[in-house]
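# Analysis of the macromolecular model
Letter by letter, the chains look like this.
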Amino acid sequence: MSTAVLIPDIIDLIVDYVVEAIEDYLKTPSAPYRHAYPPSIRYKELKECALINKAFTSRSQKYFFSTLNIWHDSSPYLAHIPPEAVTSPVSAPVLDDASLKTVHNLLEILEHKPYLAAHIRVLNTCAQFGHVLKLSEPLSKLFEILQSHGNPRTVDIYALDAYRPKASVQSTAFRNASHLTCKISDAARCNHYLSLLSQITPAYKGNAPTVQLTTPRPRLKNLFLLESWTVLEVLLGSPVHSSAPYAPIDFSQLEKLHLTPSAADEDVQSVQRLLSVCGSSIKELAMHCDITEATAYSRPLDLSECFNVHTARFIATIHATDDMSRSQLAETLSTIPNPNSITDLTIEVVIFISKEIRSQTYADEGWDCLDEQIDRIASSSSFPKFNCTIRLEFFRFHLDREQESGALVTQECAQLADKLKNVHFIRTTSNKRVDFQVAHCCFVDHLY
C-alpha cells in the first residue's frame, strides 16, 4: 500500500489556512466593533493538527506559543493603599497566579525545547510590567531567553493604573519590538506613565540626550496608539510631565500608523510632529475614533511628506448642519502630494441625527469639497486603479417608537447614502480610475 507524502510547504499552508479560516472575519471592515477572537478557541483545531504527525506539530507550535500574557495581581486595590506605603514590597505589583503559572510552565518547556522561544513573538501586558519584571526572578529569566531569540517583536500594552507611582526601572525587555500598541486612556492625569516608557526607550550614560546610548533603540514598524497624546510625546522624545530626558524611539522605518486619540488640541500637534519625523516611510495611515471623542481629526493635518502612503483612512464627525468637519477634512486631503501612492482611501463619517435634525439635512453642498479632493488624489495617484469608500455611520439616540418609525429613520439614511454617490460626488464617480463606494449603517437607540 502506497503512502502519500506531503512536502513541508504544503503542510505549513494547511495549518496556516486552519488559523486563517477561524480568524478571517476579524479582517472584515464592516465589523469594527467585534471583539478579538480568543486564541483558546482555535486551540482545539490546532491540537488536532498537531496530533497528525511531527511535521504538523512543528507548524502548529508556531501558533500555540505565539502569545505571552503577563498581568499583575490587582489585590490589594491600589486606591486603598496609603501614599507612603505604595512603594513598599508588600504593595508592589507582582505576577498574578495565571501569569506566574504560565511563566513556570514555559521555563520548564524551554529547558527541554529552547527553540520554541523563537515562536513567542507577542507580549500582552500592562503598564506595570517594569515593576513586575524587576520583582519576579522567573519572569526575568524567561525574558533573557526570549531576548536571545530576538523576541518579543510585538508588544500590546493595556490599561494604565492611575494609582501606581512612577517606576525607576530601566529595562531593555522591549528592545526587539517592531510593533507597539498602547491601549492607555487618560494618561494625561497619570504621574507615572513613564514607567511604561522606561521599558521601551533606551538608557543613557549621563543626564543629557546627546550622550552615548548604552542600549539599542527599538525600531518600530507599526504603531497603534489609543487615546494618549502624552505617551506619543514621550515616544517622540519630549515628555510633557517630566523634565527627565528620554530618547526617542527610532521611527525612521515606521510603516503603519493607527491612532485613536482624545479630542484635544495637543493630539493633532503630536500627530503632526510624528508625521514630520516619519511621514516619508509610512505606507498605511489610519485614524479611528470613539464616537464620544470623534472630533479630534476633523482638524487639518499636513500630509505633504506622506508621499508613500498606499492605504489611508480618515474620520469626520457631523453634529449639526453648520459643522465644519467636512471642510476641515478636505483641507487635510488637500495636503496629500501630487503625485502620490494611494490606492485605497476610506473616509468614515460619523453623523448624529435626531428628531429635529434628520439625515436628509446633510444632503447639502458640504460634500463638494471632499469630492474635489478625492478626484484630485485619484487623478494624481501613481497607480492606475484607485479604491475609495465613504462609510457613513448614523447614530440616533432616544427614538420614541410611539411617535417615530425606526424603519423610516433607516430608510432616510439609505436615501442619503444613495444621493451622495449619485449627486454630490459627480467628479469622483466620473473618474474612470476610481472604484467608488458609499456604505452606510444606522445605530438606533430606542426610548422605552
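Given the structure is predicted, the values throughout are model-derived calculations rather than measurements. (Residues numbered from 1 in each chain as written. Predicted model: local features only at pLDDT ≥ 70, side-chain atom pairs only at ≥ 80, totals over all residues. Heavy atoms only, no water.)

## Remarks on unusual backbone geometry
Our working rule: The way it works is that DSSP assigns letters per residue, a run of H or I at least four long becomes a helix, a run of E at least two long becomes a strand, and they are numbered from the N terminus. The classification of residues rests on relative accessible area computed with a 1.4 Å probe and restricted to protein chains. Under 20% of the type maximum is buried, over 50% is exposed, and intermediate values are partly exposed.
The omega torsion of the bond from Asn-151 to Pro-152 falls at -5°, within 30 degrees of zero and hence cis. Inspection of the secondary structure assignment puts Pro-152 in the loop between α6 (137-148) and β3 (154-157). The amide bond that connects Asn-338 to the next residue, Pro-339, takes the cis arrangement and shows omega of -5°. Summarising the element assignment, Pro-339 is placed in the loop between α10 (325-333) and β9 (344-353). Notably, His-398 is not glycine yet its phi reads approximately 60°, a positive angle. Its location among the elements puts His-398 in strand β10 (residues 386-400). In this structure His-398 comes out as exposed when scored by relative accessible area, which is 54%.

## With respect to the nonpolar core
The tendency in soluble globular proteins is for nonpolar side chains to be buried as a group. Short version of the rule: In these notes, a set of buried Ala, Val, Leu, Ile, Met, Phe, Trp, Tyr and Cys residues joined through side-chain atoms within 4.5 Å is what counts as a nonpolar core. Residue ranges labeled as domains rest on an automatic or database domain assignment. Residue contacts are counted whenever heavy atoms from the two residues lie within 4.5 Å of one another.
Judged by nonpolar contacts, the single largest core of 84 residues is most densely connected at Leu-223, Phe-251, Ile-351 and Leu-392. The greatest single-element share of this core, amounting to 6 residues, is contributed by β10. Each of two domains, domain 2 (65-74 + 92-202 + 218-241 + 248-282) and domain 3 (287-293 + 301-447), supplies a minimum of three residues to this core. When neighbours within four sequence positions are excluded, Ile-351 is seen to be in contact with Ile-318, Tyr-362, Trp-367, Leu-392, Glu-393, Phe-394, Phe-395 and Leu-416.

## Things to note about the pairing of strand β2 (residues 122-125)
This is how the line gets drawn: Pairs of strands are assigned from DSSP output, requiring at least two bridges between the strands.
With 3 bridges joining them, strand β1 (residues 67-69) and β2 adopt parallel strand pairing. Paired with Leu-68 across the two strands is Leu-123, which belongs to β2. Judged from the 4 bridges that link them, β2 and β3 form a sheet pairing that is parallel. Residue pairing across strands places Thr-125 opposite Ile-157, the latter belonging to β3.

## What to know about helix α3 (residues 54-64)
For the record, the criterion: Directions are taken from the helix axis to each C-beta atom, and the arc is the one they span. Polar contacts here mean pairs of N or O atoms no more than 3.5 Å apart (in protein, one a potential hydrogen donor and the other a potential acceptor; neighbouring residues in sequence count only if both atoms are side-chain atoms).
Among the residues making up α3, those that are buried are Phe-56, Ser-60, Gln-61 and Tyr-63. Mapping the buried residues of α3 onto a view down its axis gives an arc of 155°, with all of them on the same face. Between a side-chain oxygen at the N-terminus of α3 and the backbone nitrogen of Ala-55 the separation is 3.0 Å; the capping residue is Asn-53.

## A look at the state of the cysteines
The criterion, for reference: Counting rule for disulfides: a pair of cysteine sulfur atoms within 2.5 Å.
This structure, assessed with the given rule, holds 0 disulfides. The cysteine Cys-442 is free of any disulfide, with Cys-413 supplying the nearest cysteine sulfur at 3.8 Å.

## Some words on the environment of Leu-370
Position of Leu-370 relative to the elements: it lies in helix α11 (residues 368-380). Here the alpha-carbon distance between Leu-370 and Ala-330, two residues 40 residues apart in the chain, equals 5.2 Å. For Leu-370, the contacting residues outside a window of four places in its chain are Arg-326, Leu-329, Ala-330, Leu-333 and Phe-425.

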